[in-house]
Amino acid sequence: MTERLTRAQQQAVTRTRLLDAAETLFGDKGIHQTSLDGIAAAAGLTKGAVYANFASKRDLIAAILERKLGADEPDPPSPSLAAWAGRLGDSYESAVDRPEIRRFAMAFVELWLHGMRDESARAPLTRWLQSVRDAHAREAAELADDLPIPADQLAALLLALDIGVGLQRWLDPEAVPADVYTAGLKAILGRAPR
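Not measured: the values here are computed from a predicted model.

A short note on the nonpolar core
Now for step 1: The biggest cluster of nonpolar side chains holds 27 residues, and the ones touching the most others in it are Phe26, Ile39, Leu60 and Trp128.
Now for step 2: Of all the secondary-structure elements, those providing two or more residues to this core are α1 (7–29), α2 (36–43), α4 (57–71), α6 (99–117) and α7 (123–143).
Now for step 3: The dominant element in this core, judged by the number of residues it contributes, is α1, at six residues.
Now for step 4: The residues that make up this core include at least three from each of domain 1 (7–56) and domain 2 (72–189).
Now for step 5: Once residues lying within four places of it in the same chain are set aside, the contact partners of Ile39 are Leu18, Ala21, Ala22, Leu25, Phe26, Thr34 and Leu60.
Now for step 6: Within the second largest apolar cluster, 21 residues are counted, among which are Leu88, Val96, Leu147 and Ala178.

What follows is the structure, encoded as structure tokens:
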């Protein structure tokens, strides 16, 4: 016999289903071609469930990005910049081809384009990108006094490497192996990532 979910647990399940459906549809069809009705249907829910959890499509977009930030568990501190770079490379190579990473990447590209076209929609995306850059900059600055460029610039470059290699890999995996990211880390940092 299965236990009944509490109201809070049921709300969390509903919210997850809606976010998964929205992320998939945004990536597959685009933001403007995806309706709240379509998201509800893909999640097996009603449009009322969407509005019970999100005030608008913009709130739904922000929640997708917030969920991605919350899903990343903090890593233990690295003993050195080389160890940190090695951990980043290993993590990237093991995750880049997972279906949920690809799904998020497809939605992310759509969110990026939406933010580029509509300045009022830009804030959630820029907050998400800034939080990723801040985490990288903080860790890099703690690990080395002799970074090749300032920590905030290094963080921007690492994020660009992450996004750029991923986008190329998903289109042409034979030409762009996942370890290109790790090689890029080594080239940027000027030291072996391990």
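Read on for the rest.
What to know about the domain arrangement of the chain
Now for step 1: In terms of domains, the chain is made up of domain 1 (7–56) and domain 2 (72–189).
Now for step 2: On a C-alpha basis, the centroid separation for the pair domain 1 and domain 2 is 27 Å.
Now for step 3: Each partner contributes to the interface: domain 1 provides nine residues, whereas domain 2 provides eight residues.
Now for step 4: A combined buried area of about 780 Å² lies between domain 1 and domain 2, and 62% of that area is made up of carbon and sulfur atoms.
Now for step 5: A per-residue breakdown of the area domain 1 buries against domain 2 is headed by Glu23, Gly27 and Ile31, which together make up 58% of the total.
Now for step 6: Remark: the boundary between domain 1 and domain 2 carries two salt bridges.
Now for step 7: Note that Arg103 is salt-bridged to Asp20, the shortest N-O span being 3.5 Å.
Now for step 8: Here the side of domain 1 that touches domain 2 is composed, by residue class, of two nonpolar, four polar and three charged.

Focus on the layout of surface pockets
Now for step 1: Volume-wise, the second largest pocket comes out at about 160 Å³.
Now for step 2: Lining the second largest pocket are Arg102, Ala105, Met106, Val109, Leu167, Trp170 and Leu171.
Now for step 3: Residue assignment for the lining of the second largest pocket shows that the elements contributing at least two residues are α6 and α8 (151–171).
Now for step 4: The greatest single-element share of the lining of the second largest pocket, amounting to four residues, is contributed by α6.
Now for step 5: Classifying every residue of the lining of the second largest pocket by side-chain character gives six nonpolar, no polar and one charged.

Some remarks on the pattern of salt bridges
Now for step 1: Enumeration according to the criterion identifies nine salt bridges in this entry.
Now for step 2: Two residues, Glu23 and Arg67, come together in a salt bridge whose shortest N-O distance is 3.1 Å. Of this pair, Glu23 sits in helix α1 while Arg67 sits in helix α4, and the two are 44 residues apart along the sequence.
Now for step 3: Using a relative accessible area of 4% as the deciding quantity, one classes Glu23 as buried.
Now for step 4: Taking the shortest distance from any N to any O, the salt bridge between Glu23 and Arg103 comes out at 2.9 Å.

Observations regarding the packing of aromatic side chains
Centre-to-centre distance and the angle between the planes together describe a pair of aromatic rings.
Now for step 1: What the rule picks out here adds up to five aromatic pairs.
Now for step 2: Relative to Phe108, the ring of Phe104 has its centre 6.0 Å away and its plane inclined at 35 degrees; by these criteria the two rings are tilted. Of the two residues, Phe104 and Phe108 are both situated in helix α6; the distance of four residues between them amounts to about one turn of the helix.
Now for step 3: Residue classification places Phe108 among the buried residues on the basis of a relative accessible area of 6%.
Now for step 4: With 5.4 Å between their ring centres and 70 degrees between their planes, Phe108 and Trp112 make a pair best called edge-to-face. Here Phe108 and its partner Trp112 are both found in helix α6, four residues apart, which amounts to about one turn of the helix.

Each value, and the rule that gives it
Residues numbered from 1 in each chain as written. Predicted model: local features only at pLDDT ≥ 70, side-chain atom pairs only at ≥ 80, totals over all residues. Heavy atoms only, no water. Core = buried A, V, L, I, M, F, W, Y, C linked by side-chain atoms within 4.5 Å. Buried < 20%, exposed > 50% of the residue type's maximum accessible area, 1.4 Å probe, protein only. Helix = DSSP H or I, 4+ residues; strand = E, 2+ residues; numbered from the N terminus. Domains from an automatic or database assignment. Contact = heavy atoms within 4.5 Å. Buried area = accessible area lost by both parts, 1.4 Å probe. Salt bridge = Lys/Arg side-chain N within 4 Å of Asp/Glu carboxyl O. Nonpolar A, V, L, I, M, F, W, Y, C, P; charged D, E, K, R; others polar. 1 Å grid on protein atoms, 1.4 Å probe; cavity = no way out; pocket = protein on both sides within 12 Å on 5 of 7 lines; lining within 4 Å. Points joined across faces, edges and corners; volume = space filled by probe spheres on them. Phe/Tyr/Trp six-rings, centres within 6.5 Å; stacked < 30°, edge-to-face > 60°.

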